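A structural walkthrough
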Amino acid sequence: MPQHDYRDVAELVGAIGAPTFPSVLAGWMRSHVAFDMIAIVVYRGSQPPLHIHDDFKGEQARNGLRQYLAETYLLNPFYQSHLKGIASGVYRIRDLAPDHYLQSEVYRSYEIIISETEEIGYITRGWPRGLEEIDIAVALDERETTEIGIYSAKPGSFDDAAIERLNGMLPLIEASFRQHWQRIKARYVAERVSSDAGWAEAAYNSFGSDLLTNREREVVVLVLRGHSSDSIAAHLDITRATVKTHRKHAYERLGISTQAELLSLFLQHVRQHMPAS
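Residues numbered from 1 in each chain as written. Predicted model: local features only at pLDDT ≥ 70, side-chain atom pairs only at ≥ 80, totals over all residues. Heavy atoms only, no water.

**Remarks on the side chain of T146**
Looking at the secondary structure, you find T146 in strand β5 (residues 144–152). By relative accessible area, which is 0% here, T146 ends up buried. (Helix = DSSP H or I, 4+ residues; strand = E, 2+ residues; numbered from the N terminus. Buried < 20%, exposed > 50% of the residue type's maximum accessible area, 1.4 Å probe, protein only.)

Quick look at the structure:
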């Protein structure tokens with residue numbers, strides 16, 4: 001290892017527990033793999049993510065990040081994988097998403113879901129298009145996961161060689177962040193009653209419960225999680241045509257006609273059921 005690498009690692013270790021640690025970690029990672037933006041959050045059970053660090057630029061992008069941290073994380077494949085118990089590792093977003101999620105209406109609708117005051121999601125109008133994303137997962141204590149998301153606007157930035165370098169760096173990323181988290185956790189974590197633990201899943205399961213049949217709700221929940229009609233058919237052991245029929249009837253009962261309206265309606269439901277901080 002070159003002499004400067006030893007110095008960089010020493011700086012990283014020395015910053016553990018300090019406010020500078022996330023930026024030092026980002027700088028060390030950038031010295032090996034080029035990327036434009038980074039965001040670091042910690043998920044604890046089904047609670048909203050804790051924001052640790054980011055270097056997003058511009059008010060529009062920051063509004064999108066704030067909206068993600070408050071609500072739209074529920075739709076994110078990494079969050080869904082966290083709930084299932086994701087292992088520490090380096091992941092392309094397509095590795096975590098259900099079947100054709102990146103081509104699905106859910107993913108594309110991030111561009112057009114709009115609240116009255118700000119845009120929602122990572123890819124919103126005005127954001128740079130075509131960002132590539134790599135997610136580094138660090139498993140912490142039980143039901144806690146760190147997501148280190150790195151983003152590049154340059155096509156092909158995260159080729160196999162870059163992934164290999166990140167995998168080589170993973171043991172130090174994992175060990176240093178675990179130590180850092182143990183030292184800063186008390187600053188970020190407020191005690192919450194155990195009854196709050198499953199609220200997010202409950203929000204999914206109760207969405208449309210007063211209007212939809214059980215099967216229609218099952219279909220809608222899978223749509224919200226990013227599954228295609230083929231994937232929903234496989235999950236529920238029904239035909240693709242039946243999926244479309246249930247989806248059509250669900251839209252009619254909910255008084256909507258588009259995917260964007262479904263997601264906006266779901267986020268309104270989330271706001272109503274989110275436990276107090």
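**Some points on the packing of aromatic side chains**
For the coordinates displayed, the defined rule picks out six aromatic pairs. The interplanar angle of 85 degrees and the centroid separation of 6.0 Å between the aromatic rings of F56 and Y151 together place this pair among those described as edge-to-face. Of this pair, F56 sits in the loop between β2 (50–54) and α3 (59–70) while Y151 sits in strand β5; the two residues are 95 residues apart in sequence, bridging distant segments of the chain. Through a chain of ring-to-ring contacts, three or more aromatic side chains come together here, namely Y43, Y73, F78 and Y79. (Phe/Tyr/Trp six-rings, centres within 6.5 Å; stacked < 30°, edge-to-face > 60°.)

**Describing the sheet that holds strand β3 (residues 89–92)**
With antiparallel pairing, the five strands of this open sheet are ordered in space as β2-β1-β5-β4-β3. Strands with a single pairing partner mark the edges of an open sheet, and in this sheet they are β2 and β3. Averaged over all pairs of adjacent strands, the angle between strand axes in this sheet comes to 20 degrees, irrespective of strand direction. As paired strands, strand β4 (residues 132–139) and β5 are joined by eight bridges and run antiparallel to one another. (Pairing = 2+ DSSP bridges. Axes fitted to C-alpha atoms, helices over the stretch in contact; angles between N-to-C directions.)

**Comments concerning the environment of R271**
Assignment of secondary structure puts R271 in helix α12 (residues 259–273). If we ignore the near neighbours within four places in the chain, the residues touching R271 are Q67 and E71. (Contact = heavy atoms within 4.5 Å.)

**Thoughts on unusual backbone geometry**
Positive phi outside glycine occurs at D237, with the angle close to 55 degrees. Structurally, the position occupied by D237 is in the loop between α10 (229–236) and α11 (240–254). By relative accessible area, D237 is classed as exposed at 72%.

**Re α11**
With 15 residues, α11 extends 21 Å between its outermost C-alpha atoms, agreeing within 8% with the 21 Å of an ideal straight helix rising 1.5 Å per residue. Three or more residues of α11 are buried, namely V243, H246, R247, A250, Y251 and L254. Taken down its axis, α11 places every buried residue within 135 degrees of arc, on the same side. Downstream of α11 by one or two residues, G255 has phi in the positive range, about 75 degrees. (Expected span 1.5 Å × (residues − 1). Arc of directions from axis to C-beta.)

**As for the packing of helix α9 (residues 214–224) against α11**
Packed helices, taken two at a time, are described by the angle their axes make and the gap between the axes. One can describe the packing of α9 onto α11 by two numbers: an axis separation of 9 Å at closest approach and a directional angle of 95 degrees. Judged by the inter-axis angle, α9 sits roughly perpendicular to α11. Facing R215, E216, V219, V220 and V223 of α9, the residues of α11 in contact are V243, H246, R247, H249, A250 and R253. Residue composition of the contact of α9 with α11, grouped by class: five nonpolar, two polar and four charged. (Parallel < 35°, antiparallel > 145°, perpendicular 65-115°, else oblique. Nonpolar A, V, L, I, M, F, W, Y, C, P; charged D, E, K, R; others polar.)

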